[in-house]
Structures are given as structure tokens and as C-alpha cells.
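Residues per chain are reported as follows:
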Amino acid sequence: MMPFDIVILWTDALIFVLIACIVAAGFYIRSQEHLRTSWRRLVENRTGMAALTVLLVFVAVGFADSLHYRPAPQVGVWSLLDALLRNLKTHTEKTYSAPFAVKLDARETVTGPDGAQMRIYPRLVYGGAHLANPDESAADILWRARAACVHAAAGWIVICAMVVALLACRSRISFAQALGNVLRGETATAWNAALFAVGAVLLLSVPALELSSIYHVFGTDKVGNDVFYQALKSVRTALVIGTLTTLAMLPLAAVLGILAGYLGGIVDDVVQYVYTTLNSIPGVLLIAAAVLLMQVFIEDHQNWFATAAERADARLLALCLILGVTSWTGLCRLLRAETLKLRELEYVEAARAFGVSHWKIMSRHILPNLMHILLISLVMDFSGLVLAEAVLSYVGIGVDQNTISFGSMINTARMELAREPIVWWSLAAAFSFMFTLVLMANLLSDAVRDALDPRMASRVRRAAAAKAGR
Amino acid sequence: MIAYLVRRVFYAIPVLIGVNLLTFVLFFVVNTPDDMARIQLGIKYVTPAAIEQWKAEHGYDKPLLYNGQADGIDRVTNTIFFEKSVKLFAFDFGQAEDGRDIAHEITTRMGPSLAIALPVFLVGLLITVSFALMLVFFRATYLDFWGVVLCVAMMSISSLFYIIGGQYLISKLWHLVPISGYSGGLGGIRFLILPVAIGVISGIGASSRWYRTIFLEEINRDYVRTARAKGLSETTVLFRHVLKNGMLPILTGVVVVIPLLFMGSLLTESFFGVPGLGSYTIDAIRAQDFAVVRAMVFIGSVLYIVGLLLTDISYSLVDPRIRMR
């Protein structure tokens, strides 16, 4: 008998499917020489490799947050991330406290031992509770941070040694030679950039995590929840919106775009009409209209959802679907134009002359040659969607109130700037996490475009040749 | 040219009908007037009688498409579809939840929206194009490299951050301009400076990088080599030749949004308390005022179609190779 029940929410299931697809695609690419060469260009790119490494850390956080279970009957749903960060989740204070503070950020009236009433800043329940004298906190934090940095450095060295040893093993050279190759950046894959990124991530995350069990690294919010915990939880929401939305729009855009471009005629007219119509409605308004309707629908069917977590999850999924349905038009237009070009090429004509069916031509000859457009737009849309989520949540058509996301964090923290003394840490945490995530996604998408887009690839080569010639 | 324009205008009609049908389906079929009444009345006071009364007050107590009880032409006109959807074509938007006339609200709110959106658009275009040209001028140098890095970093920052950070820094800490508000006339300029500046800054990253790619594509063309071979200076080549030819792809993205400037910017207007159409829309979404959202959807699509038309016209003006048939 298991001590807990495993809970699989809808978005969890879709994330698992997505990861399975990515793994399968990875194996397929490995087996195909022509695909492998273009992907090799991606891992050769230093910026791309570093961005990929950081993004993988984000994905790991989001994945740990997607493994849901119920620790006991009649208790809310937890995730593996909650279990790992139990201290962060359960250490709630009374109200605001600044990062690394040991005292609350609000005065309270207490009655002293002599009966006199005083207005003081009370000590926090958890933050720095191990200290006898609150004035020692700065020295304590410094000392602990230094220790954590040493741990991070040690961990980094171990990881580096493992990677180098693996490389040495694989290409049958000595450890020192492999180390030299990595340091000079002479490996086919840009391992030096990846290891550098790992080092940066460790140096930031290990001290933050070690200190977070006894301090509130990013402070606490109005109801005393740890802000660092909220920022980590937001990562999953951002990843879900960024990936599942594109997943929802890909099939629609691909099928309609290829059909319109290949078949032409009335199909083309209808598809063009549909996307012009959808496109002519301003995006935010279409999303708003759809979300308003979804809200009404969910409120009318409360009994469909057993728990608040399920309802919030359904709302997140519906938001992804709505974003997908409202944003497929751009990609569809792109695919249609490209299919129009491909349709006229000799190999398609040859296939037609051999009597290959339309369906086979579209799936075997056209679609594989559009794959790079699909992939590039998938990666490029990601960062835009993460940013859009924050805006939508501000407008009030974003995720459920119970879902922690960057948008909901910013939305609740917005008013706190007017408070005296001002509460800046919620905003700072949300914006810095979001900035890192989006920046890495943008860098990766640039690298992916350079690697996969044949037009780009030729230009990059031309630029490199021009540089070498000078 | 005239014949082409007339044909394009006629082509816009089915699109508008499509938009209209789509909003009708979304707002009345998927989501019945009963649901709307329940949302507006709140959970507590929902009784069948209250719903009926709300529907009667707002004119939703008619059949959806076909009124069997009426006579003659009224069978078609005395329906929700005719009253609420078809009348949009005549820009008759009906009343908002608070009883005000939507058409009147829209006309009074267009001015403030334009007062912010137009300067953002013009100044933004000027700055981003010059910045992109500068990066192209210094291409393959450290200035270009770090300029692109700056662009990527700037486009990775949420627009909410620009607004919140700008308001806090400029207005609250330094007290340079009022934090929010609006007034007409020359005195209103002090209210406009900050939103316009923030609107421009938040757009620099993405557009400059895009324009830079366009200009770089042009700079490898043969005519540029010819111009250089003639002995023209690099500045002349950039401004007289590359800029002119690069304008074509830029026009596609830029002209389409000109009519949409009337719609204003949702975020900026709502944060700075500007009584424009953007904040009107946000308030309507928050109050779940379906009538206003419907009106804005319709106006937005009309403006978008106007934008497409303008794009075509501007093409023929800029590029003599393109002839309107």
C-alpha cells in the first residue's frame, strides 16, 4: 500500500507526452545523418549551448513541479518540488518581511513584562530563528553564503571532471588532453560554454537554496508566503504556457497551411478567409472574449472539478488552447507560402508523375521540408508567450487566482510599491526570474534559427567567410 | 487603382461578416444571455425572475435568429442577431452595462488614445530605424555586437517592468512628472511624456533587431556594390539606397498598425490612468461587459482591414514595380 496517491493533472499528462516526443525526436535525429549535421550546428554554438543548459535547469524545476501526488487523503495536491522545498512551502510568516530579514516588516503592539505597551518589529517565526541575537544576522549570512559557494564550487568541479572524463573515454584520449580540448573550446560540442553555464547556475542556486531553509532569500509577501518559493513555482506555469500553446497551434497551422498551399483552389480560398477573419480581430480582445466565455463555462460546471487544483489546471490548459487557437494564423500563412514554393519543385513533380497520392506527397515530401519552420517558430514563440502570460494576468484574463505565475506575482505586488516602506522584493524576484527565462529562450531561438534555417545558414557561412578573408 | 481599391473594399465585407458571425457565436450561442445575466447579477441574487428582468432591460429577451411570434419583416429584425450583431455594421453599439452609450464613449475616448499612441508610433519608428541603421553602419564591430546584445536583453524584459519601473523611478522617486492622469490641451503634455517615453523604449529591442536584419539583407545586394563602386560614401549608400529599399518589408509591419493606433495601448493607458479606448477595453473585460467587448472587437477588425488596405496603397507609392490591378 502506497503512503500517498499519485495525481496526474491534465497539463502534467501533456508535459509527459511532450517530453516523450522530444526524446523520440532526439533518437530519430541521431539516426538520420542529414538531420544530425544541422543539429550539430546548434551544439557548436556557444551562446546556444549555454542558453540550452540554463533552460534545462528551468525545465528540471518545472518537471519536478509537474509530478503531483496527494500526501494524505483530504489534503491539497503536492508536487515533487513542494516535497523538495518543504521548508519553503511551510515556513510562512505573518506578513511582509524583506529579503534575509530576521524581523517582520510591520510593527506590532506587544505588552512588555512590566505591562507597558510597545510598538516594535517582531522577530520572524522562521527567518533567522536560529540566531540568539538578531544583529548577528549579517555575519551569519555571509559565513553561510561563503560555505555554500564552496559547496557550489566543489559540485561544479565534480561535474566538470565527470564530463571531461566521459569525453576522454569516448574519444579514447587522456584526461589531460580532453581537459585541454574543452578549455580551448576545440570540442565539437561547445562543452566549455555549457560547463560555464552550469557553474554560473550552481554559484547562484546553491547559496540561494542553502540559505532559503533558514532565511527568506527573496523575503515574504503580504500573507507571509516565501517569495523565492513562488518564483520557483511560477517557472512551471510559464513553461506550460510557452510549450503547450505552441503544441495546440502546430497541428492546426500545419494541416491548414499545407492543405491550402498544396491543393490551392477553393481550399486555399477558405483557409485564407478563415485566417484573415481571425487575424483581423485584435489578439487581446479575441483572447479576452474566449477567456470570459471559459470563465462562465467553468463557473457553470463547478461539479466537473473535484478539487481547486483540478479547476486551476483546467483553466491553465484552456488558456493554452485559447492562446493556441488565436495565434496559429501567422504560422499558417508562413507554411502556406512555403508550400506554394515547394509544390513547384521538381521532386514533387517527379513524385506526382510516379502516381504518388496527394496525401503521401504532403506527408512524405512537403512536411519534412517545412519542419525547420515549425521548429523555429515553436522556439521563437516561447518567449513571447511567457511575456504575454504576465500581461494577460494583469488584464485579468490570465491564469486562475490559485495558480502561482509570474503574472499573478506581479499583479499582486504592483500595489505594494505604494506602501511605506516599499515592498520591492516580490516584483524583483518575478521580473528577474522571468527575464532570465525569456533571455535564455531568446538566445536559444537565435541559435536554433542559425542552425536550422537554410537561408540563415548560408548567410552565417558567408559572414564567416568575409570575416576570414579580411 | 480606383478599381483595385473598390474591389479590395468589397473583399473586406465578407471578412467583416465573418468577424460578426464569430462574435455572435461566441457571445450568444456558446454563452447564452442567461449566463451573462447570471454573471452580471452575481451569484447571490440569481432568481429566474431577476434573470428575465435583466434580459428585458438589456434587450436580450428575444429569440436568437428567428422570431416566430412577430409578423412580416419583424420576424428577422426583432431578434438578438439583428439587434446586437447586424447593427454593429451601422456603428450602433447600444449601451454599456452602466447605461452609457458606447458609440459616444468611443468617440470621446479616441482623442486621448491617439495623443499617446501617435507620438509613440512616430518617435518609436524614428528611433528604431536610426538605431538599426547605426548598427548596420558599424556592422561586424564590437558596437554592432553589443548593440544586438542590448536589443536581445531589452526585448526579454517584460513591458510591465518598463511601466512599473519607469513610474516608480521617474514619478515617485524623482518627482519629474505626475505619476498618472490626463488632461487635454498643452497643459496635458506633462502627463504624456512618461507614457510616450516608456512606450518607445519598450519597443526598441524587438524592432531594431528586426530592422537590422532587413538592412543587412539589403546591404549584400548587387545595387549596393554598384553604388559603392561609383564611389558613394557609406552614409549616402545607407540613407539613399539601403534605407529606401529596406522600407518595403518595414512597411508591411508598420502601416498595418497605423489605424489600430486609435485603439490605444491597453497596458499604458490602464497604468497611467488615461481615459482612452485601451483602458476602456480593460475595464470592460474586468467588469465582464460583453456589449463593450463586442463593440471593440468589431471596431478593431474594421481598423485592421483599413490597415491592410493602406499597406497595399503604400506599397504602390513606395515601389513603382508594384502595380495595382
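Bear in mind that the values here come from a model prediction, so they are computed numbers and not experimental data. (Residues numbered from 1 in each chain as written. Chains lettered and ligands numbered in written order. Predicted model: local features only at pLDDT ≥ 70, side-chain atom pairs only at ≥ 80, totals over all residues.)

### Concerning the overall build of chain B
Next up, step 1: Scanning chain B from N- to C-terminus turns up 14 helices and zero strands.
Next up, step 2: Ordering the α and β elements of chain B from the N terminus gives α-α-α-α-α-α-α-α-α-α-α-α-α-α.
Next up, step 3: Its C-alpha atoms give chain B a radius of gyration of 25 Å, clearly above 20 Å, the size a compact globule of 325 residues would have.
Next up, step 4: For the C-alpha atoms alone, the extent of chain B along its principal axes is close to 80 × 60 × 35 Å.
Next up, step 5: Across the 325 residues that make up chain B, the buried fraction comes to 34%.
Next up, step 6: Counting only contacts in chain B whose residues sit at least 6 apart along the sequence, the fraction spanning at least 24 positions is 66%. (Helix = DSSP H or I, 4+ residues; strand = E, 2+ residues; numbered from the N terminus. Rg over C-alpha atoms; globule rule 2.2 N^0.38 Å. Buried ≥ 20, exposed ≤ 12 C-beta atoms within 10 Å, placed from the backbone. Contact = placed C-beta atoms within 7 Å.)

### Comments concerning the overall build of chain A
Next up, step 1: Helix and strand content of chain A: 18 helices and five strands.
Next up, step 2: For the C-alpha atoms alone, the extent of chain A along its principal axes is close to 100 × 65 × 55 Å.
Next up, step 3: For chain A, the residues scored as buried account for 39% of the 470 residues in total.
Next up, step 4: For chain A, restricting intrachain contacts to residue pairs at least 6 apart in sequence, the fraction spanning at least 24 positions comes to 69%.

### Examining the packing of helix α6 (residues 137–171) of chain A against helix α7 (residues 175–184) of chain A
Residue and element names in this part refer to chain A.
Next up, step 1: Contact pair α6 / α7: the axes reach a minimum separation of 8 Å and the direction vectors enclose 115 degrees. By the angle between their directions, the pair α6 and α7 is classed as roughly perpendicular. Classified by chirality, the crossing of α7 by α6 is right-handed. Residue-level contacts link V164, A165, L167 and A168 of α6 to F175, A178, L179 and V182 of α7.
Next up, step 2: Counted by class, the contact of α6 with α7 contains eight nonpolar, no polar and no charged residues. (Axes fitted to C-alpha atoms, helices over the stretch in contact; angles between N-to-C directions. Parallel < 35°, antiparallel > 145°, perpendicular 65-115°, else oblique. Left-handed = near helix turned anticlockwise from the far one by under 90°. Nonpolar A, V, L, I, M, F, W, Y, C, P; charged D, E, K, R; others polar.)

### Overview of the sheet that holds strand β3 (residues 78–79) of chain A
Residue and element names in this part refer to chain A.
Next up, step 1: Overall, antiparallel pairing links the three strands, which are arranged β1-β2-β3 in an open sheet. Of all the strands in the sheet, the pair left with one neighbour each is β1 (5–7) and β3.
Next up, step 2: Direction of pairing for strand β2 (residues 68–70) relative to β3: antiparallel, over a ladder of two bridges. Each residue of the ladder has a partner; that of H68, found in β3, is S79. (Pairing = 2+ DSSP bridges.)

### Things to note about the interface of chain B and chain A
Next up, step 1: At the junction of the two partners, chain B supplies 38 residues and chain A supplies 34 residues.
Next up, step 2: Going through the elements one at a time, α1 (2–29), α2 (33–41), α7 (142–155), α8 (159–173), α12 (266–272), α13 (277–286) and α14 (290–318) of chain B are the ones with two or more residues in the side of chain B that touches chain A.
Next up, step 3: The dominant element in the side of chain B that touches chain A, judged by the number of residues it contributes, is α14(B), at seven residues.
Next up, step 4: Taken together, the residues that form the side of chain B that touches chain A break down as 27 nonpolar, nine polar and two charged.

### Examining the nonpolar core
Next up, step 1: With 169 residues, the main nonpolar core has A:I287, A:A288, A:A430 and B:V293 as its most contacted residues.
Next up, step 2: Once residues within four sequence positions are removed from consideration, A:A430 is found in contact with A:A231, A:S234, A:F406, A:M409, A:I410 and A:A413.
Next up, step 3: Membership of the second largest hydrophobic core comes to 11 residues, among which are B:F131, B:L133, B:V237 and B:I250. (Core = buried A, V, L, I, M, F, W, Y, C linked by C-beta atoms within 7 Å.)

### Quick word on the pairing of strand β5 (residues 117–120) of chain A
Residues and elements named next belong to chain A.
Next up, step 1: One ladder, built from four bridges, connects strand β4 (residues 108–111) with β5; its direction is antiparallel. Bridge pairing links T111 to Q117 in β5.
Next up, step 2: In sequence, β4 turns back onto β5 through a hairpin of five residues, with G115 there showing a positive phi of about 90 degrees.

### Focus on the environment of A:A13
Next up, step 1: For A:A13, the location among the structural elements is in helix α1 (residues 10–31).
Next up, step 2: In the structure, A:A13 is positioned 169 residues away from A:V182 in sequence and 38 Å away in space, judged by C-alpha atoms.

### A look at helix α17 (residues 425–452) of chain A
Next up, step 1: Its 28 residues give α17(A) an end-to-end C-alpha distance of 40 Å, which sits within 8% of 40 Å, the value for a rise of 1.5 Å per residue.
Next up, step 2: Burial analysis of α17(A) places 22 of its 28 residues in the buried class, which makes it a mostly covered element. (Expected span 1.5 Å × (residues − 1).)

### Details of the confidence of the model for chain A
A low pLDDT score tells you not to read the predicted coordinates there in detail.
Next up, step 1: Looking at chain A, the pLDDT average stands at 86 and 96% of residues meet or exceed 70.
Next up, step 2: Model confidence for chain A, summarised as mean pLDDT per element, is weakest for helix α18 (residues 454–469) of chain A at 56 and strongest for helix α3 (residues 46–64) of chain A at 93. (pLDDT = per-residue confidence, 0-100.)

### Things to note about the environment of A:Q401
Residues and elements named next belong to chain A.
Next up, step 1: Mapped onto the secondary structure, Q401 falls in the loop between α15 (358–395) and α16 (406–414).
Next up, step 2: By the C-beta count within 10 Å, which is 13 here, Q401 ends up partly exposed.
Next up, step 3: The spatial distance from the C-alpha of Q401 to the C-alpha of S432 is 22 Å, given a sequence separation of 31 residues.

### Things to note about unusual backbone geometry
Next up, step 1: Phi at A:R172 takes a positive value of approximately 55 degrees, unusual for a residue other than glycine.
Next up, step 2: The topology assignment puts A:R172 in the loop between α6 and α7.
Next up, step 3: Backbone geometry places B:H175, a non-glycine residue, at a positive phi of 55 degrees.
Next up, step 4: One can find B:H175 in the loop between α8 and α9 (189–219).

### What about the packing of helix α11 (residues 234–255) of chain B against α14(B)?
Residue and element names in this part refer to chain B.
Next up, step 1: Following both chains from N to C, one finds α11 and α14 inclined at 160 degrees, their axes separated by 9 Å at the closest point. Viewed along their axes, α11 and α14 adopt a mutual orientation that is roughly antiparallel. Relative to α14, α11 is oriented so that their crossing is right-handed. On the side of α11, the interface is formed by M247, L248, L251, T252 and V255, while α14 contributes G307, L310, T311, S314, Y315 and V318.
Next up, step 2: Residues that form the contact of α11 with α14 fall into these classes: seven nonpolar, four polar and no charged.

### As for the environment of B:T226
Next up, step 1: Looking at the secondary structure, you find B:T226 in helix α10 (residues 222–229).
Next up, step 2: Note: C-alpha distance between B:T226 and B:V237 (11 residues apart in sequence) is 9.9 Å.

### Things to note about the confidence of the model for chain B
Residues and elements named next belong to chain B.
Next up, step 1: Across chain B, the average pLDDT comes to 83, with 93% of residues at or above 70.
Next up, step 2: The element-level mean pLDDT for chain B is lowest in helix α4 (residues 74–77), coming to 68, with α7 highest at 92.
Next up, step 3: Two summary scores accompany this predicted model of the complex, namely pTM at 0.89 and ipTM at 0.86.

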